[in-house]
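# Fold and geometry: a report
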Amino acid sequence: MSLYTHILIAADFSDHGHEVSHVAKQLAEQNQAKLSVIHVFENIPIAEPLYAPMTFDADIAEELMKNAQIGLRKFADDLSVPEERQWFELGSPKLEIVRVAEENQVDLIVVGSHGRHGLGLLLGSTANGVLHHAKCDVLAVRLKDD
Ligand code: AMP
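What follows is about the environment of Arg99. Position of Arg99 among the secondary structure elements: in helix 3 (residues 93-103). The spacing of Arg99 and Lys135 is 36 residues in sequence and 9.9 Å in space, taken between C-alpha atoms.

Shown next as structure tokens:
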């Protein structure tokens, strides 16, 4: 019996991203579920007076965004995820991951977990944020660098 029909991988392109995608791909195959990938590009404050005198070049921001889009394409292509299920969003990772999951009837979100302690836990990681906001199941794959 298939438990899941649509699995969403939250990809941050860290060195350990393949651990997350490996688990998600296996689960998708076992459940004959659709696989989607999301990467959220966090907003960069361009020419934000709060950060003066440091200014952020708009060209650099655009370059970073382009690289992130290329990163997503490569990550998803390696998993044979079709273009229509590759989500590139701007904003808060936890909120965008949860929104895209809800809007696309995702029933399992797979994220990596660094198992942070202390201040990191207080501030809340993306994994924690997704876990607390998502209406569907969330699998946190414990990353090996802990
Ligand atoms: P973090 O809480 O930032 O250590 O990240 C934990 C996990 O959240 C990562 O392994 C990814 O699965 C996911 N994640 C973090 N940042 C992003 C992002 N910008 N876009 C998509 N997923 C992310």
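Don't stop here, the text continues.
Around the ligand, the structure places 15 residues, and the nearest of them are Ala10, Val40, Gly112, His114 and Thr126. In this structure, an oxygen atom belonging to the ligand sits 2.6 Å away from a main-chain N or O atom of Ala10. In the model, a nitrogen atom of the ligand is placed 3.4 Å from a nitrogen or oxygen of the Ala11 main chain. A molecule is said to occupy a pocket when more than half its atoms come within 2 Å of that pocket's grid points, and by this definition the ligand occupies the largest pocket. The element best represented in the shell around the ligand is strand 2 (residues 34-41), accounting for three residues. Residue classes in the shell around the ligand are distributed as eight nonpolar, five polar and two charged.

Here the focus is the packing of aromatic side chains. This model, assessed by the stated rule, comprises two aromatic pairs. Consider the rings of Phe13 and Phe75, whose centres lie 6.0 Å apart with planes at 55 degrees: the pair is tilted. Of this pair, Phe13 sits in the loop between strand 1 (6-10) and helix 1 (17-31) while Phe75 sits in helix 2 (residues 58-78), and the two are 62 residues apart along the sequence. Ring centres of Phe41 and Phe88 lie 6.2 Å apart, and the angle between their planes is 35 degrees; this geometry places the pair in the tilted category. With a gap of 47 residues between them, Phe41 in strand 2 and Phe88 in strand 3 (residues 86-90) connect regions that are remote in the sequence.

With that out of the way, let us pick up helix 3. Since the α-helix turns once every 3.6 residues, residues separated by three or four places project in the same direction. Buried within helix 3 we find Pro93, Glu96, Ile97, Val98, Val100 and Ala101. Looking at the buried side of helix 3, the elements it contacts are strand 1, strand 2, strand 3, strand 4 (108-113) and helix 5 (126-133). Phi turns positive, to about 50 degrees, at Gln105, one or two residues after helix 3.

Turning our eyes to something else, we now look at a negative patch on the surface. A surface patch of negative charge is lined by Asp57, Asp59, Glu62 and Glu63. Here Asp59 is to be found in helix 2.

It is worth spelling out the sheet that holds strand 4 at this point. What the five strands build is an open sheet, ordered 3-2-1-4-5; its pairing is parallel. One side of each edge strand has no neighbouring strand; the edge strands of this open sheet are strand 3 and strand 5 (137-142). Within this sheet the neighbouring strands show an average axis-to-axis angle of 25 degrees, counted without direction. Across five bridges, strand 1 lies against strand 2 in parallel orientation. Opposite Ala10, over in strand 2, you have Ile38 as the bridge partner.

Conventions we followed
Residues numbered from 1 in each chain as written. Predicted model: local features only at pLDDT ≥ 70, side-chain atom pairs only at ≥ 80, totals over all residues. Heavy atoms only, no water. Helix = DSSP H or I, 4+ residues; strand = E, 2+ residues; numbered from the N terminus. Near = heavy atom within 4 Å. Polar contact = N/O pair within 3.5 Å; in protein donor to acceptor, adjacent residues only side chain to side chain. 1 Å grid on protein atoms, 1.4 Å probe; cavity = no way out; pocket = protein on both sides within 12 Å on 5 of 7 lines; lining within 4 Å. Sits in = over half its atoms within 2 Å of the grid points. Nonpolar A, V, L, I, M, F, W, Y, C, P; charged D, E, K, R; others polar. Phe/Tyr/Trp six-rings, centres within 6.5 Å; stacked < 30°, edge-to-face > 60°. Buried < 20%, exposed > 50% of the residue type's maximum accessible area, 1.4 Å probe, protein only. Contact = heavy atoms within 4.5 Å. Patch = residues over 30% accessible without salt bridge, like charges linked within 9 Å, V, L, I, M, F, W, Y side chains within 5 Å. Areas by Shrake-Rupley, 256 points an atom, 1.4 Å probe, with all protein chains shown as cover. Salt bridge = Lys/Arg side-chain N within 4 Å of Asp/Glu carboxyl O. Lys, Arg positive; Asp, Glu negative; His and termini not counted. Charge placed at Lys NZ, Arg CZ, Asp CG, Glu CD. Pairing = 2+ DSSP bridges. Axes fitted to C-alpha atoms, helices over the stretch in contact; angles between N-to-C directions.

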